[in-house]
Amino acid sequence: MDAVASGAFHWPVRVYYSDTDAGGVVYHANYLNFFEHARTEMLRSLGFEQDRLMAENLVFAVRQMTIDFVRPARFNQQLEVVTSLVKLGGVSLVFEQQLMDEAGEVYCQAQVKIGSLSADSFTPTKIPQSIKQELARAG
């Protein structure tokens, strides 16, 4: 492990009708979308837009995820995803993410390992030092 960031990024989420199943609770796969959007927005807030990364021949892809569905989120709830970078390696990042309400109740949580890949060959590639420095600084 090269560095560990300890800061957290907060991204608001409103549960829309289209996020729910027939019972009015968030369909399980949609939690992955909430988490993906929050990680993307975290990188964007640091100046790393997806198209900029691709122009540098770099993409990040989910390699592994452990997810715990703690309690059902429901239609029209206002929640937030809290994202923390917990490991910054040579070719991977590990995030911990929680979807929670304003009282701090956790609805879903995940640990997500992201791999750094060459955009043209989809083979592992080192995370550029400039990106690693910014991620470490943000923590």
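Up top is the structure.
Residues numbered from 1 in each chain as written. Predicted model: local features only at pLDDT ≥ 70, side-chain atom pairs only at ≥ 80, totals over all residues. Heavy atoms only, no water.

Relative to the 26 Å expected for 18 residues at 1.5 Å per residue, helix H1 (residues 28–45) spans 27 Å between its end C-alpha atoms, a close match to the ideal helical length. A positive phi of about 95° marks Gly-47, the residue just after H1. (Helix = DSSP H or I, 4+ residues; strand = E, 2+ residues; numbered from the N terminus. Expected span 1.5 Å × (residues − 1).)

This next bit is on the side chain of Asn-30. For Asn-30, the position within the fold is in helix H1. When near neighbours in sequence (up to four residues on either side) are disregarded, Asn-30 contacts Ser-18, Asp-19 and Thr-20. (Contact = heavy atoms within 4.5 Å.)

All told, the structure shown has 4 aromatic pairs when counted by the stated rule. Ring geometry for Phe-9 versus Trp-11: centroids 6.4 Å apart, planes at 10°, classification stacked. Relative accessible area serves as the criterion here: at 16%, Phe-9 is assigned to the buried category. The exposure class of Trp-11 is partly exposed, given its relative accessible area of 29%. By way of ring pairs, the aromatic residues Tyr-31, Phe-34 and Phe-69 are connected into one cluster. Sitting above the plane of the Tyr-107 ring, Arg-71 keeps its charged end 5.7 Å from the centroid. (Phe/Tyr/Trp six-rings, centres within 6.5 Å; stacked < 30°, edge-to-face > 60°. Buried < 20%, exposed > 50% of the residue type's maximum accessible area, 1.4 Å probe, protein only. Lys NZ or Arg CZ within 6 Å of the ring centre and 35° of its normal.)

The next subject is the pairing of strand E3 (residues 78–88). Note: strand E1 (residues 8–14) against E3, 7 bridges, orientation antiparallel. Pairing of Phe-9 across the sheet is with Thr-83, part of E3. Remark: 3 residues form the turn of the hairpin made by E3 and strand E4 (residues 92–100), two consecutive strands paired antiparallel. (Pairing = 2+ DSSP bridges.)

As a further point, take the pattern of salt bridges. According to the stated counting rule, one finds 6 salt bridges in the structure shown. A salt bridge links Glu-36 to Arg-39; the nearest nitrogen and oxygen atoms lie 2.5 Å apart. Remark: Arg-39 and Glu-36 occur in helix H1; sequence separation between them is 3 residues, near one turn of the helix. For Arg-39, a relative accessible area of 6% gives the class buried. A salt bridge links Arg-52 to Glu-56, with the nearest nitrogen and oxygen atoms 3.3 Å apart. Members of the salt-bridge network, linked through shared partners, are Glu-41, Arg-44 and Glu-49. (Salt bridge = Lys/Arg side-chain N within 4 Å of Asp/Glu carboxyl O.)

In short, shape yes, function no, at least from these values alone.
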